[in-house]
Structures are given as C-alpha cells and as structure tokens.
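# Fold and contact review
Below, each chain spelled out in residue letters.
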Amino acid sequence: MSEVFDAVSVIAAKRDGKALTDGQIDWVIDRFTSGEVADYQMSALAMAIFLNGMDRREIARWTAAMIASGERMDFSGLRRDGKPLATTDKHSTGGVGDKITLPLTPLVASYGVAVPQLSGRGLGHTGGTLDKLEAIAGWRTDLTNEQMFDQLEKVGGVICAAGSGLAPADKKLYALRDVTSTVEAIPLIASSIMSKKIAEGTASLVLDVKVGKGAFMKTAAQARELAETMVALGHDSGVDTVALLTDMSTPLGRSAGNGLEVAESLDVLAGGGPSDVVELTLALAKEMLALAGVDADPAEHLANGKAMDSWKAMIAAQGGDPDAPLPVAQHTRTVPAPASGVLTELDAMGVGIAAWRLGAGRERQGEPVQAGAGVTWHAGVGDTVTAGEPLFTLHTDTEEKFDGAIAALDGAAVIGETAAPRGSLVLDRVTA
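The protein chain is annotated in an unreviewed UniProt entry as Pyrimidine-nucleoside phosphorylase from Tsukamurella paurometabola. What UniProt states about the protein chain under its Subunit (unreviewed entry) heading is, verbatim, "Homodimer." Taken verbatim from the UniProt record of the protein chain, the Sequence similarities (unreviewed entry) comment is "Belongs to the thymidine/pyrimidine-nucleoside phosphorylase family."

Structure representation (structure tokens):
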C-alpha cells in the first residue's frame, strides 16, 4: 500500500530535526506546485529547513523534485553556420553592487559561445539582474523558449526570466523565501539555483559564491559548503560545474541600484569601469570560456569593442533601446565623509540595505522597484577621503526614504590612517 502524506507531518518531521524521506520530499514539492500545500505551510517548512538543515541526500532529492515539477530544456541542437554551439552559464549567489552578469554575458557570447542566462529578481538586500535590466527602455524579460533559442543562435547571449514551465516549484518557493527570512538556508539556495540550471539544459556552469558581510554566506566555511553542494549537484546531473568563492565584504564597483548598475556595466563594456568589477568579470569569463572549449583572453573583447557590440545586439533583440538614457531618480542627497583619512572599510551589508530602503529593492513579494534608486560611493577601500566632501550619494523617487537609508549607512564607512592592500577577489576555486 502506498504511503500517505500530509503537510503537517512533513513540517513536524523537519521541525524535530528528522531527515525527510524521498517520498515526503516528492509529495510536498508536487503538492506545493499544484497549490494543495499552502504558501503558509511551505513557509513553515522552509523555516524548519533553515533551522535544522538537510543532508546531501535530502538536498539532491529536493533538487530533483524541483526539476521534475516542470519541463527540461535541451540546447544540444543549437547551431550557427551549421556548427554546434557550446553552452555555458554563470550564477551568482548575490551580493551588493553585483552587476557582473550584465557585462559578462555579452563578453562570453562575443566569442561565439551560447550563454543562456536565466536570472532572477532581487532577494533581500541584493539586487536582481532582471530588475536592473528593466531600467532599459523597452527591454523585456519574458521570452518563449522559441524566442530564447532563436536569440541564442543569432546573438549568442540572452538574459531572461525562467519560463513558467521551468522548475515552477522553485519559482513559488523563491518568492516565499524573500519575505519569510529564509533566504540564507544553504539547502534552499543550492536546490533553487541548481534546479533551474540543470532544468535549463546548459552544458557547463560557473558559480560565483559570495562570502563576506554583504553575502548570504558570511564565512568562507559556509560559502565552501554551499559551493561543494552545488558543484556535486551539477556533476551528478551531467553539468560540468566549477565554483569560485569571491569576496563580498566590500560592495562591488561604485554603485548599488538598478539603473546605476547598468550605467557602470556599460563603462566596463566600453573598456573602463571599476577595477574590481573588471577583475571579477574577466575571472568568470575565463572559467566559462574554458568550460566551453575556447582558449582566449576575454580582456581583448573589452578593449576592442566586440563585447559592447554583443551587448547592443542582445539588448535590441529583447526589445530594448541600448542607446536610450537610463532613468534618473527624482531626488538625491549626499552624505559627507565624517573625517579625513583613508577609507579602510566599506560595509557591503550597510550599503545594500541603504539601496534597498531607497527603493532599489522590494519589501513585499511582487512589489515594484525604482529604476533610478540606489547608492553611489565616491571612494573605494584604500582611497583618501576629506572631511565634509561627499562620500555617498543617495538616489530615490521618494524623499521620505532618505532617513532610513542614512541610518543604514551609519558606521558603514570606516576611516583610518592606512588600509591593508586588497587582495584578489577570488578566494578559492571548487571543482569537485
């Protein structure tokens, strides 16, 4: 006789620290997808998973159940000039000022590689790639599978939302995690990312696992556990997977916010931009190209304009105007440096929360974001600052949001006499 399940007993099992059986996992994901398990019940289970964790078997089964909730894509038939196209993708676990996907996708695509970049919206204090790109006039996130395949063959790069048929269980759970304070759970992060990427059908995947104050993983040990979990899930499913652990103690670049980060990405594609954004873009591009079988120095296509050409083609293919001016917030306010000296620390979490409070992120599921909102900082760690001169500029369409953002930045910038030289952003590499 088949086993009978119910949501309450599944929640109770994980609440009490028990490992969920394969049957329990399959049942709860299937019934959550169909609506039989209510959002509030899945929220309770997510919190129980956050508090008590999952073992490797549970995570693998949970991921498989998420994949089984929808369709699987297959890019093996992609062709250009009659030749097969290699596919590779990248996913970041999210950080403050992390706009890397924007310059990275067209850069890798400019080498004749197909980059099917299925991206998401903001979670908590971290910005979402789709939110950022929607700051571009006319750009659309929703593509059919046919449109996505066509764009990959003609342009090479595509950044879009996962279709409703791709891991629908994850789409529902992803939205709940943001509003129930369960974003940081390693089993839920790993299964969310890898269920979409495996179902997406990419042949290879590079993971950018953030670690530090501005990341969901605060310690190197947590980040390594997440990286190893995801790499194992990838390899077990036939996806060639590599993970880089990268520093997120300090926010990336000089801006956090949707339109602001698009502008900074354009600077990188034009051969300039902040050195840390360029460094990480190139590090990830090298890994992606290597997995796709391309031996090249990606810095060349930033310098010669081919990456920018690829960007314009990608944006135009999705209805966007790559030459349109980006949105500008209605109100700005500067925050001056409290003292003179050297900026020794810049807390990524404080900056991320400030940008979120200004309207760059959302407080409730489905809430719109402000395209022009966010924070720019006028000095990086190691730079000299002068008391009274602008240290931050805040951008928002809603003046009453300034006070909360300024409070979030209180103590975020530490000014001293000297700063230790910053090392490489890439802290470690996980391949198995």
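## Quick notes on the domain arrangement of the protein chain
Along its sequence, the protein chain is organised into domain 1 (7-53), domain 2 (79-318) and domain 3 (331-416). Of the residues lining the interface, 12 residues belong to domain 1; the matching set on domain 2 comes to 12 residues. Buried surface at the junction of domain 1 and domain 2, both sides included, amounts to about 1,000 Å², of which 80% is carbon and sulfur. Summed over the three residues of domain 1 that lose the most area to domain 2, namely F32, T33 and F50, the buried surface amounts to 42% of that side. Linking domain 1 with domain 2 are 0 salt bridges, by the criterion used here. Seen at the junction of domain 1 and domain 2, the total is 1 residue pair in polar contact (both at pLDDT 80 or more). At the level of secondary structure, the elements contributing two or more residues to the side of domain 1 that touches domain 2 comprise α2 (22-34) and α3 (39-52). The leading source of residues in the side of domain 1 that touches domain 2 is α3, at 7 residues. Looking at the side of domain 1 that touches domain 2 residue by residue, the class counts come to 7 nonpolar, 4 polar and 1 charged.

## Notes on the sheet that holds strand β3 (residues 88-92)
Across the sheet, 4 strands lie side by side as β3-β6-β7-β15; this open sheet has mixed pairing. Whereas interior strands pair on both sides, the edge strands pair on one side only; in this sheet they are β3 and β15 (426-430). Strand-to-strand twist across the sheet, computed as the mean angle between neighbouring axes with direction ignored, equals 20°. With 8 bridges connecting them, strand β6 (residues 204-211) and strand β7 (residues 240-247) associate as parallel partners. From the neighbouring strand, D208 faces β7, where its bridge partner is L244. Lying on the sheet, helix α9 (residues 186-200) is in contact with β3 and β6; it crosses β3 at an angle near 170°.

## Quick look at the packing of aromatic side chains
Using the criterion set out here, one finds 2 aromatic pairs in the structure. For the pair F5 and W27, a centre-to-centre distance of 6.2 Å together with 35° between the ring planes defines the contact as tilted. Note that F5 is positioned in the segment before α1 (7-15) and W27 in helix α2, a separation of 22 residues in sequence. Each of the two residues, F5 as well as W27, counts as buried. We note K172 situated over the ring of F32; from NZ or CZ to the ring centre the distance is 4.5 Å.

## Some thoughts on the pattern of salt bridges
Two side chains of opposite charge can pair, provided their charged atoms sit close to one another. With the rule as written, the count across this model stands at 20 salt bridges. One salt bridge in this structure joins R61 and D26, with 2.5 Å as the shortest N-O distance. Placement of the pair is R61 in helix α4 (residues 56-68) and D26 in helix α2, with a sequence separation of 35 residues. Looking at R61, the relative accessible area reads 30%, which means it is partly exposed. Ionic pairing is found between D89 and K197, a salt bridge with its closest N-O pair at 2.6 Å. With D89 in strand β3 and K197 in helix α9, this residue pair connects regions lying 108 residues apart in the sequence. K197 sits in the buried class, given a relative accessible area of 2%. It is possible to trace a salt-bridge network through shared partners that takes in D22, D26, R57 and R61.

Each value, and the rule that gives it
Residues numbered from 1 in each chain as written. Predicted model: local features only at pLDDT ≥ 70, side-chain atom pairs only at ≥ 80, totals over all residues. Heavy atoms only, no water. UniProt positions renumbered as here; feature names shortened; annotations may be inferred. Domains from an automatic or database assignment. Contact = heavy atoms within 4.5 Å. Buried area = accessible area lost by both parts, 1.4 Å probe. Salt bridge = Lys/Arg side-chain N within 4 Å of Asp/Glu carboxyl O. Polar contact = N/O pair within 3.5 Å; in protein donor to acceptor, adjacent residues only side chain to side chain. Helix = DSSP H or I, 4+ residues; strand = E, 2+ residues; numbered from the N terminus. Nonpolar A, V, L, I, M, F, W, Y, C, P; charged D, E, K, R; others polar. Pairing = 2+ DSSP bridges. Axes fitted to C-alpha atoms, helices over the stretch in contact; angles between N-to-C directions. Phe/Tyr/Trp six-rings, centres within 6.5 Å; stacked < 30°, edge-to-face > 60°. Buried < 20%, exposed > 50% of the residue type's maximum accessible area, 1.4 Å probe, protein only. Lys NZ or Arg CZ within 6 Å of the ring centre and 35° of its normal.

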